[in-house]
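A closer look at the structure
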Amino acid sequence: MNPHPIRLHVISASVRPTSAARPLARWAADRAREGGRFEVTPVDLAEIALPFLDEPAYASTGVYTHPHTRAWSALADSADAFLFVLPMYNGGFTAPFKNAIDFLHREWQGKPAGLLSYSAGGSGGAPAALMLRPVLEAVGMVPAEASAAVPGITELVTADGFRAPEGLADRLAAVLEEVATLARTPVSA
């Protein structure tokens, strides 16, 4: 048994004011807290409010001149693993989410990432998650093979929050199980 829980950042990867990512991310964070395996930190990209990439040096240098980049770096660096809650817009993931990834480099290295996608349509955002995988690998992250997708999100978000469809909790549990295993596996040099 490891002495400390895995520091999991559950990132709501939409900046839209009416985004379904927030209630879905809250639900996912609550599921991740069950059992005490994870120390969960919710992160809302809208609150992070990054401008479009404005650092003069490449992220791989680790030289950050702006306070917003240093704050984002510290937040990402403090995680052992991530669960990205991402919408699909026009068949892909959002520009602000890609921008947030591009701001950093070292902070992502070797860290596992689970994907929980959603859409208003029947795909549940699975195409966006599929597009995201090579981006995460390019910055050195380790995406979990398991993923979860939520179709018909507009019918599942109410004034009371997110109403999970049957089977979603089990699919998310499989993603979190793999993320935990990856986080506990030493990264080979």
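The text that follows walks through the structure, step by step, so that each part is easy to find. In this convention, every chain numbers its residues from 1, walking through the sequence in written order. Residue-level local features of this predicted model are given only where pLDDT is at least 70; pairs of side-chain atoms are given and counted only at 80 or more, and the full residue set underlies all totals for whole chains, interfaces and linings. As a rule here, side-chain values come from all non-hydrogen atoms in the structure, and water together with hydrogens is ignored.

**Concerning the layout of surface pockets**
Using the following cut-off: Using only the protein atoms, space was sampled on a 1 Å grid; points where a 1.4 Å probe fits but cannot get out form cavities, open sets with protein on both sides within 12 Å along at least five of seven lines form pockets, and lining residues are those with an atom within 4 Å of a point. Grid points are joined across faces, edges and corners, and a volume is the space filled by probe spheres set on the points. A helix here means a DSSP run of H or I that spans at least four residues, while a strand means a run of E at least two residues long, and both kinds are numbered starting from the N terminus. Think of it as three bins: nonpolar holds Ala, Val, Leu, Ile, Met, Phe, Trp, Tyr, Cys and Pro, charged holds Asp, Glu, Lys and Arg, and polar takes everything else, Gly as well.
What the largest pocket holds in volume is close to 180 Å³. Together, Val-10, Ser-12, Arg-22, Ala-25, Arg-26, Ala-29, Pro-42, Val-43, Asp-44, Glu-47, Ile-48 and Leu-75 line the largest pocket. For the lining of the largest pocket, the secondary-structure elements that each account for two or more residues are β1 (6–12), α1 (21–33), β2 (38–44) and α2 (45–48). Tallying contributions element by element places α1 first for the lining of the largest pocket, with four residues. Residue composition of the lining of the largest pocket, by class: seven nonpolar, one polar and four charged.

**Focus on the pattern of salt bridges**
Cut-off, in case you're wondering: For salt bridges, the criterion is a side-chain nitrogen of Lys or Arg within 4 Å of an Asp or Glu carboxyl oxygen.
Applying the stated criterion across every chain yields a total of eight salt bridges. Look at the salt bridges and you will find they share partners, linking Asp-77, Arg-106 and Glu-107 into a network.

**A word on helix α3 (residues 67–77)**
The condition that has to hold: The rule is simple: take the accessible area with a 1.4 Å probe, protein chains only, and divide by the maximum for that residue type; under 20% is buried, over 50% is exposed, in between is partly exposed. Directions pointing from the helix axis toward each C-beta atom define the arc. Any two residues having at least one pair of non-hydrogen atoms within 4.5 Å are treated as being in contact.
Of all the residues in α3, the buried ones are Thr-69, Trp-72, Ser-73 and Ala-76. Across the axial projection of α3, the buried residues extend over an arc of 105°, all falling on one side. Residues of α3 that are buried sit in contact with β1, β2, α2, β3 (81–87) and α4 (95–102).

**Some details on the packing of α4 against helix α5 (residues 126–138)**
Worth spelling out the cut-off: To get an axis, fit a line to the C-alpha atoms, keeping to the stretch in contact for a helix; angles then go from 0 to 180 degrees between the N-to-C directions. The cut-offs work like this: below 35 degrees is roughly parallel, past 145 is roughly antiparallel, 65 to 115 is roughly perpendicular, and the gaps in between are oblique. The crossing is said to be left-handed when, going from far helix to near helix, the turn is anticlockwise and less than a right angle, and right-handed when the turn is clockwise.
It is at 11 Å that the axes of α4 and α5 come closest, and there the two elements cross at 15°. Viewed along their axes, α4 and α5 adopt a mutual orientation that is roughly parallel. Crossing of α4 over α5 shows right-handed handedness. Of α5, the residues touching α4 (which contributes Phe-97, Lys-98 and Ile-101) are Leu-132, Val-135 and Leu-136. Broken down by class, the residue content of the contact of α4 with α5 amounts to five nonpolar, no polar and one charged.

**Concerning helix α6 (residues 168–184)**
Let me state the cut-off plainly: Each residue after the first adds 1.5 Å to the expected span of a helix.
Relative to the 24 Å expected for 17 residues at 1.5 Å per residue, α6 spans 24 Å between its end C-alpha atoms, a close match to the ideal helical length. Residues Leu-168, Leu-172, Val-175, Leu-176, Val-179 and Ala-180 constitute the buried set of α6. In a view along the axis of α6, the buried residues occupy a sector of 140°, so they form one face of it.

**Quick look at the pairing of β2**
Here is the rule: Two strands make a pair as long as DSSP finds a minimum of two bridges between them.
With seven bridges joining them, β1 and β2 adopt parallel strand pairing. Bridging across to β2, Arg-7 finds its partner in Glu-39.

**Side note on unusual backbone geometry**
Unlike most non-glycine residues, Ala-49 shows phi in positive territory, near 55°. By the secondary structure assignment, Ala-49 is in the loop between α2 and α3. The exposure class assigned to Ala-49 is exposed, which follows from its relative accessible area of 51%.

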